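Structural overview for review
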Amino acid sequence: MASYIQGYDEERFATTVNRNFLCLICFNVLREPVLCPRNHHCFCRACITKHLENSRRCPTCADELTVETLAEPQRMVKDMLNELNIHCIYIDRGCQEILQLQHLDNHEATCGFTPAVCTNQGCGATLNQRDLIHHQSELCEFRKLKCHSCGETTRTLADMQEKIANIEKNIASMGTKITNVEKNIASMGTKIEKNIEKNMATNAADIKTDMERKLEAVNNEVRGLKTALIEGFDEMKDVLVKMEDKIEENTRKVRNTASGDKENIIVAGGMGTDSVEMFNWRQRTWSPLQSLPKQRYAASSFVYNNHVTIAGGYCSGYVVDMIRMNINPNPDLSMHWSDCPVKLPAELGYHSSVLYNDKLVVTGGYNGDASSDLIHEVQLVRPHTVKILSRMPERRNAHGMEIFDDNVSIVGGRTTGSCKDNVSSVVVYDIKKNECKQLAPLPYEVSLMATVRWGDNVVVIGGADKRGKALDTVIIYNVKTEQSRLLPSMRCKRLGCTAVVIGNNIVVLGGSSGQRLKSVEAFNFDRNTWEELPEMSRARHLPTAVVV
């Protein structure tokens, strides 16, 4: 499918739309909603169909999913969606209609504010559909008649031809009358000549008057025929103008949204701090949460079963444990951190982890003495078993990792505890085939960066170069084409930062650029620019963050 129509832009609705009515792929209001059958994650039909061209899993819960197994939502959900009040798409062109969603397509198909292009050759002006006929026939400096060959126009022209034929008959009839008048005039002239001498004095004035009267009658009929011809051609012109095809412009945003209806970012720990705080994306405000039991940094984190879980890291030494906090329904200061029964394979920091079904895939890491080249699988359900899946081609820590269906992409990092041993390599681990494959490398060696997934891409944000200097560069690396390109640089150089995707934005938090940073900035893919966001309350180097 070359292109597809996403959901309705939320800003078009007259009232705030419930977050449950947003598609978990395009983040717009649902259009033709469908569900994954087990967990009822809701998507636009077009969005999930596009996703399933390259995957057989739900993008939210990773359950197996195909177009055939998609479920329909309850009728009540469709009714509630249909009753939402929405502005016409042509509001920017002047349409003030607000109507229920169920009536939107019918209205927009006939809306007088639909953009239409003048088809008079040499013009090309864009105006509202309701003004098109008047413009083309009365105002356009390039206006002229156009011949169309469609069936309806042909029938109209046939009618016009019949009218013209009748007019021609009338003209012929008038020509005959005029000829007869001329014969009468000639006959009258002859009579005048014969009788002029005896009737000149008495009849000359009457003959002249009679001739003038008859000639005036002829002129009146000729003028009437001329008027009828003009009106006939004007009528033909109007019909032809009305037959012009409508031209409709329909531009849509394509978003690649990874955060569904979530709008809060939780950032935890960092070097020298046990602080935890939450940022609300809509309100652009920070609020404190319950602190960690101890200071912790260089950990990984994930959300599973309504818990934020932080795994490993450095906490007065490298640790193997995990701690978690319940976030159902919403995290607040009353929520406490507790020990998690699941453990990492070893005492690790600077590792990476991703969720895969009910498992945690852990790669690399550092224990204070050496880096790991292992790929582990940790069961998040009982009996919480841990096993080695495979080995990477090289040891690495302080690297990035993102999951794409059944494949894990591992980028950059360093082979020791020093940035001089940074690497640029990219490795893909196929979970089902249990094998690693080397891809084309990044443009430069980098470690201590943040990474996020964006569609088929890994976005590599900041980090440290081989001299240990902080970077402000941002790479977007396509795991299918193995091509990379630079995005606009961040406002601030950062190593040891963390990042998340929320909506159509990448949010980057903390890090260090010679000193630990409180700053937060976001990259918007629509505008292709970075913007500063409100600072965190604490400076954070090597923190961890999740979206909830």
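Residues numbered from 1 in each chain as written. Predicted model: local features only at pLDDT ≥ 70, side-chain atom pairs only at ≥ 80, totals over all residues. Heavy atoms only, no water.

The subject of this paragraph is the overall build of the chain. Scanning the chain for helices and strands turns up five helices and 30 strands. Scored against the burial criterion, the 548 residues of the chain give a buried share of 48%. Long-range pairs, those at least 24 residues apart, make up 48% of the contacts in the chain between residues at least 6 apart in sequence. A total accessible area of about 27900 Å² is found for the chain, and carbon and sulfur atoms account for 48% of it. (Helix = DSSP H or I, 4+ residues; strand = E, 2+ residues; numbered from the N terminus. Buried < 20%, exposed > 50% of the residue type's maximum accessible area, 1.4 Å probe, protein only. Contact = heavy atoms within 4.5 Å. Areas by Shrake-Rupley, 256 points an atom, 1.4 Å probe, with all protein chains shown as cover.)

Here we take up the sheet that holds strand β19 (residues 407-411). Strand order in the open sheet formed by four strands is β18-β19-β20-β21, with antiparallel pairing between adjacent strands. At either end of the open sheet lies a strand with only one pairing partner, and these are β18 (400-404) and β21 (435-439). Between one strand axis and the next, the sheet turns by 20 degrees as a mean value, whatever way the strands run. Bridge analysis of β19 against strand β20 (residues 426-430) gives five bridges, and the strand direction is antiparallel. If you follow Ser409 over to β20, its bridge partner there is Val428. (Pairing = 2+ DSSP bridges. Axes fitted to C-alpha atoms, helices over the stretch in contact; angles between N-to-C directions.)

Position of Ile323 relative to the elements: it lies in strand β12 (residues 322-326). Linking Ile323 and Pro293, residues 30 residues apart in sequence, is a C-alpha distance of 8.9 Å.

Counting buried residues along strand β10 (residues 300-304), four of its five residues qualify, which places the element largely inside the surrounding structure. Where β10 lies against strand β11 (residues 307-311), five bridges are found, and the strand directions are antiparallel. Pairing of Val303 across the sheet is with Val308, part of β11. Connecting β10 to the next strand, β11, in antiparallel fashion are two residues, including Asn305 with a positive phi near 50 degrees.

Moving on to the nonpolar core. Phe13, Cys23, Val29 and Ile48 are the most contacted members of the largest nonpolar core, which has 32 residues in total. Considering each element in turn, this core owes the most residues, three residues, to strand β2 (residues 42-44). Here Cys23 is in contact with Asn28, Leu30, Cys42, Phe43, Cys44 and Cys47, once residues within four sequence places are set aside. The next biggest cluster of nonpolar side chains, apart from the first, holds 17 residues, and it includes Trp454, Ile461, Ile476 and Leu487. (Core = buried A, V, L, I, M, F, W, Y, C linked by side-chain atoms within 4.5 Å.)

Before going further, it helps to examine unusual backbone geometry. With an omega dihedral of 15 degrees, the bond running from Arg382 to Pro383 counts as a cis peptide bond. Its location among the elements puts Pro383 in the loop between β16 (374-379) and β17 (386-391). Notably, Asn305 is not glycine yet its phi reads approximately 50 degrees, a positive angle. Residue placement: Asn305 occurs in the loop between β10 and β11. Backbone geometry places Asn306, a non-glycine residue, at a positive phi of 60 degrees. Looking at the element boundaries, Asn306 is found in the loop between β10 and β11.

On to the packing of aromatic side chains. A complete count under the given rule lists eight aromatic pairs for this structure. Judged by centre distance (4.9 Å) and plane angle (85 degrees), the ring pair of Tyr314 and Tyr318 falls under edge-to-face. For Tyr314, a relative accessible area of 29% corresponds to the partly exposed category. Take Tyr318: its relative accessible area is 16%, and that puts it in the buried class. Measuring from ring centre to ring centre gives 5.0 Å for Phe523 and Phe525, while their planes differ by 85 degrees; the resulting arrangement is edge-to-face. With respect to burial, Phe523 and Phe525 carry one shared label: buried. (Phe/Tyr/Trp six-rings, centres within 6.5 Å; stacked < 30°, edge-to-face > 60°.)

Attention shifts here to the confidence of the model for the chain. Averaged over all residues, the pLDDT of the chain equals 87, while 84% of them reach at least 70. Here residues 244-259 is modelled with pLDDT under 50, and outside its nearest four sequence neighbours on either side it reaches 46 contacts, counting other chains as well. (pLDDT = per-residue confidence, 0-100.)

We now examine the side chain of Arg57. In this fold, Arg57 is placed in the loop between α1 (45-51) and α2 (75-82). Taking the relative accessible area as the measure of exposure, Arg57 reaches 12% and is therefore buried. Reaching out from Arg57, the side chain makes a polar contact with the backbone oxygen of Ala62 at a distance of 2.7 Å. When residues no more than four places from it in sequence are discounted, the contact partners of Arg57 are His51, Leu52, Ala62, Asp63, Glu64, Leu65, Tyr356, Asn357, Asp406 and Lys432. (Polar contact = N/O pair within 3.5 Å; in protein donor to acceptor, adjacent residues only side chain to side chain.)

Let us look at the side chain of Ser300. Inspection of the secondary structure puts Ser300 in strand β10. A distance of 3.0 Å separates polar atoms of two side chains, one belonging to Ser300 and the other to His351. Side-chain polar atoms of Ser300 contact the side chain of Ser353, separated by 2.9 Å. For Ser300, the contacting residues outside a window of four places in its chain are Thr309, Ile310, Ala311, His351, Ser353 and Thr544.

It is worth spelling out the pattern of salt bridges at this point. One pass over the full model with this rule turns up 24 salt bridges. With a shortest N-O distance of 2.8 Å, Glu108 and Arg12 are connected by a salt bridge. With Glu108 in helix α3 (residues 104-110) and Arg12 in the segment before β1 (33-35), the pair connects residues that are 96 residues apart, well separated along the chain. Of the two residues, Glu108 and Arg12, neither departs from the other in class, the shared state being buried. Ionic pairing is found between Lys387 and Glu377, a salt bridge with its closest N-O pair at 3.9 Å. One end of the pair, Lys387, is in strand β17; the other, Glu377, is in strand β16, and ten residues separate them in sequence. The buried category is assigned to Glu377, whose relative accessible area is 8%. (Salt bridge = Lys/Arg side-chain N within 4 Å of Asp/Glu carboxyl O.)

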